Amino acid sequence: MKNLYKTTVTTKGARKGHAKSDDEILDIQLSMPKSMGGDGGNYTNPEQLFGAGYSACFGSALQLVAKNQHDIELGEDLSVSAVVELGQTEEGNLQLAVVLDCYLPGVDVETGEKIVNEAHVVCPYSRATRDNIDVTLNLLVDED
């Protein structure tokens, strides 16, 4: 694999710890949600960070596919919301599930569905999670 970018993020203290990237741009305190037995607090958690990464990456995949395969420039109003759920399987294992709500303003439904599905094929997060977690793709449209 040809390397395009590499970074290292180190977390000390697990879910209640602190995460810092090697370039120190990312430097954040973590907390565990109350629903998982933590104190909540005003800090982020791994699921929020995963959602931020996945939604940003999927948005870039949408832009790439729209431009290269459909000759469409998606503007700044493009958005992807990642709804990340941490659950437990019947076997007692922890498992992630994600819903990606994609908003592509100005794109008709048929084309939008094609773009979303094609982006799911090329997005690195989608490729990494394929057949490992449930990912649901939704195309959000404006009501007339």
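For the structure, check the block above.
In what follows, the accompanying structure is described. (Residues numbered from 1 in each chain as written. Predicted model: local features only at pLDDT ≥ 70, side-chain atom pairs only at ≥ 80, totals over all residues. Heavy atoms only, no water.)

**Structural notes on helix H1 (residues 46-70)**
Phase 1: Between its terminal C-alpha atoms H1 stretches 35 Å, which fits the 36 Å expected from 25 residues at 1.5 Å a residue.
Phase 2: By the N-cap criterion, in which a side-chain oxygen at the helix start approaches the backbone nitrogen of a residue two or three places on, H1 is capped by Asn 45, the distance to Glu 47 being 3.0 Å.
Phase 3: Looking one or two places after H1, you find Asp 71, whose phi comes out positive at around 55 degrees. (Helix = DSSP H or I, 4+ residues; strand = E, 2+ residues; numbered from the N terminus. Expected span 1.5 Å × (residues − 1). Polar contact = N/O pair within 3.5 Å; in protein donor to acceptor, adjacent residues only side chain to side chain.)

**Topic: the sheet that holds strand E3 (residues 27-29)**
Phase 1: Across the sheet, 3 strands lie side by side as E1-E2-E3; this open sheet has antiparallel pairing. The open sheet has two edge strands, strand E1 (9-12) and E3, and neither has a second partner. Looking at each pair of strands side by side, their axes are set apart by 15 degrees on average, direction ignored.
Phase 2: Examined bridge by bridge, E1 and strand E2 (residues 18-21) share 4 bridges and lie antiparallel to one another. Within the sheet, the bridge partner assigned to Thr 10 lies in E2 and is Lys 20. (Pairing = 2+ DSSP bridges. Axes fitted to C-alpha atoms, helices over the stretch in contact; angles between N-to-C directions.)

**Overview of unusual backbone geometry**
Phase 1: Phi angles above zero are rare outside glycine, and Asp 71 is one such case at about 55 degrees.
Phase 2: Checked against the element boundaries, Asp 71 lands in the loop between H1 and strand E4 (79-88).
Phase 3: Judged by its relative accessible area of 72%, Asp 71 is exposed.
Phase 4: At Asp 131, a residue that is not glycine, the phi angle is positive and equals roughly 65 degrees.
Phase 5: Looking at the element boundaries, Asp 131 is found in the loop between helix H3 (124-129) and strand E6 (134-140).
Phase 6: The class for Asp 131 is exposed, based on a relative accessible area of 78%. (Buried < 20%, exposed > 50% of the residue type's maximum accessible area, 1.4 Å probe, protein only.)

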